[in-house]
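Overview (structure and organization)
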Amino acid sequence: MLQLNVKNETSRLRAVVLGTAESSGPTPTAEEAYDPKSLEHILAGTYPSEEDMIVEMDAINAVFKKYDVKVFRPEIIENYNQIFTRDIGFVIDDIFIKANILPDRDGELDAIGHVIAQIDPAKVVRPPEEVHIEGGDVLLWNDHIFIGTYKGDDYASYITARTNMQGVEYIRQLFPHKTVKEFDLVKSRTEARDNALHLDCCFQPIGHDKGIIYQGGFRDMADFQYLEDLFGTENLFHITRDEMYHMHSNVFSISPDVVVSEEKFTRLNNWLRDNGFTVEEVPYAEIAKQEGLLRCSTLPLIRD
């Protein structure tokens, strides 16, 4: 049995589910796009090829091997996008929470059934139907759980609004001993530079006390202020609108001092090194065209 344990974003990683780009299917039509960034690349004819995305995922898999991390992969479903495992489930403490994802993505959860089967069934939960929550919106910081949401009255009309307030309340009830704080995110169906698809698209903790943040991703400045007060201004790396668009906050920590980052994130990677981090650089720019990066394609199961 897998003894799940995830209490934060940065403790030493021992086991993870890494998505797969194999048989990811043809380029979607504009109508099939789930987010404005994918739509942009579909229309421009620059949507990533399966071949290029497999190379990128092999690169992060090699980093996991280097650090002796146990890696699980989904079963391959023909012509089906299975890259972003973070959307389909997530672990808090020793509980695996299945996400209520967009209905036509249900197969992705089935494809990691062989992993879920190794978890004590009493530790696997699925929220009721009205609860919308995806792993990209859930960030753990020991006694804190940060959750991205969208509080606009037009929530239902936004395919980019993935976690609702029922999702926040559900987590609050499941973990009453933790501080659960929600963040109202900026959403756009048409402009990827103004769409924080998930909380990890505009904020992520790294190390013991630092974070990467994009102020423009928050609809309410009090939410941004909350994080600035908690982490301290000097401990936050502020990214620009363009860096947010290229997913600079969506890196992935293997330990408090090792961060996997995209090789072209020069300003961020230099800052990380200046602050004592080891940066494992990988190519991930093709996968980023689908508005997801390193954190989106990983689902941690066990951290020390």
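Let us look at the structure shown here.

Here is what the cut-offs are and how they apply
Residues numbered from 1 in each chain as written. Predicted model: local features only at pLDDT ≥ 70, side-chain atom pairs only at ≥ 80, totals over all residues. Heavy atoms only, no water. Pairing = 2+ DSSP bridges. Helix = DSSP H or I, 4+ residues; strand = E, 2+ residues; numbered from the N terminus. Axes fitted to C-alpha atoms, helices over the stretch in contact; angles between N-to-C directions. Phe/Tyr/Trp six-rings, centres within 6.5 Å; stacked < 30°, edge-to-face > 60°. Buried < 20%, exposed > 50% of the residue type's maximum accessible area, 1.4 Å probe, protein only. Contact = heavy atoms within 4.5 Å. Expected span 1.5 Å × (residues − 1). Patch = residues over 30% accessible without salt bridge, like charges linked within 9 Å, V, L, I, M, F, W, Y side chains within 5 Å. Areas by Shrake-Rupley, 256 points an atom, 1.4 Å probe, with all protein chains shown as cover. Salt bridge = Lys/Arg side-chain N within 4 Å of Asp/Glu carboxyl O. Lys, Arg positive; Asp, Glu negative; His and termini not counted. Charge placed at Lys NZ, Arg CZ, Asp CG, Glu CD. Polar contact = N/O pair within 3.5 Å; in protein donor to acceptor, adjacent residues only side chain to side chain.

Spatially, the three strands line up as an open sheet ordered β2-β1-β15, and their pairing is mixed. The outermost strands of the open sheet, each flanked by one partner alone, are β2 (70-72) and β15 (298-303). Going from strand to strand, the sheet's axes swing by 20° on average, the running direction of each strand aside. The pairing of strand β1 (residues 13-18) with β2 spans three bridges and is parallel. Within the sheet, the bridge partner assigned to A15 lies in β2 and is K70.

According to the stated counting rule, one finds ten aromatic pairs in the structure shown. Aromatic side chains F146 and F183 sit 5.8 Å apart centroid to centroid with 75° between the ring planes, which places their arrangement in the edge-to-face category. In this pair, F146 sits in strand β7 (residues 144-149) while F183 sits in strand β8 (residues 179-184), placing the two residues 37 residues apart along the sequence. The exposure class of F146 is buried, given its relative accessible area of 0%.

Below, the discussion takes up the environment of L268. By the element assignment, L268 lies in helix α8 (residues 266-274). Since its relative accessible area comes to 0%, L268 is described here as buried. Along the chain, L268 and E50 lie 218 residues apart, while their C-alpha atoms are 27 Å from each other. Setting aside anything within four residues of it in sequence, one finds L268 in contact with I212, F237, H248, V251 and S261.

On to helix α2 (residues 50-66). Taking 1.5 Å per residue, 17 residues should reach 24 Å; α2 reaches 24 Å between its end C-alpha atoms and fits that length. Tucked inside the fold, the buried residues of α2 contact β1, β2, β12 (252-255), β13 (258-262), β14 (278-282) and β15. Downstream of α2 by one or two residues, D68 has phi in the positive range, about 60°.

To continue, consider a negative patch on the surface. A contiguous patch of negative charge on the surface is contributed by E22, E50, E51, D52 and D58. Summarising the element assignment, E50 is placed in helix α2.

On to unusual backbone geometry, then. The phi dihedral of N142 falls on the positive side, at around 60°, and the residue is not glycine. Here N142 lies in the loop between β6 (138-141) and β7. Judged by relative accessible area, N142 falls into the partly exposed class, the value being 34%. Unlike most non-glycine residues, M247 shows phi in positive territory, near 75°. You can see M247 is positioned in the loop between α7 (241-245) and β12.

Quick look at the side chain of E182 now. Among the structural elements, E182 can be located in strand β8. What makes E182 buried here is its relative accessible area of 12%. Side chain to side chain, E182 and K151 meet in a polar contact 2.9 Å long. At a separation of 3.0 Å, a polar atom in the side chain of E182 contacts the side chain of R172.

As a further point, take the sheet that holds β8. In space, the three strands of this open sheet follow the order β6-β7-β8, with mixed pairing throughout. With one partner strand each, in any of the chains shown, β6 and β8 form the two edges of the open sheet. On average, adjacent strands in this sheet sit at an angle of 20° to one another, irrespective of strand direction. Against the sheet, helix α5 (residues 165-174) touches β7 and β8, its axis set at about 170° to β8. Running over the sheet, helix α6 (residues 221-231) touches β6, β7 and β8 and is turned about 135° from β8.

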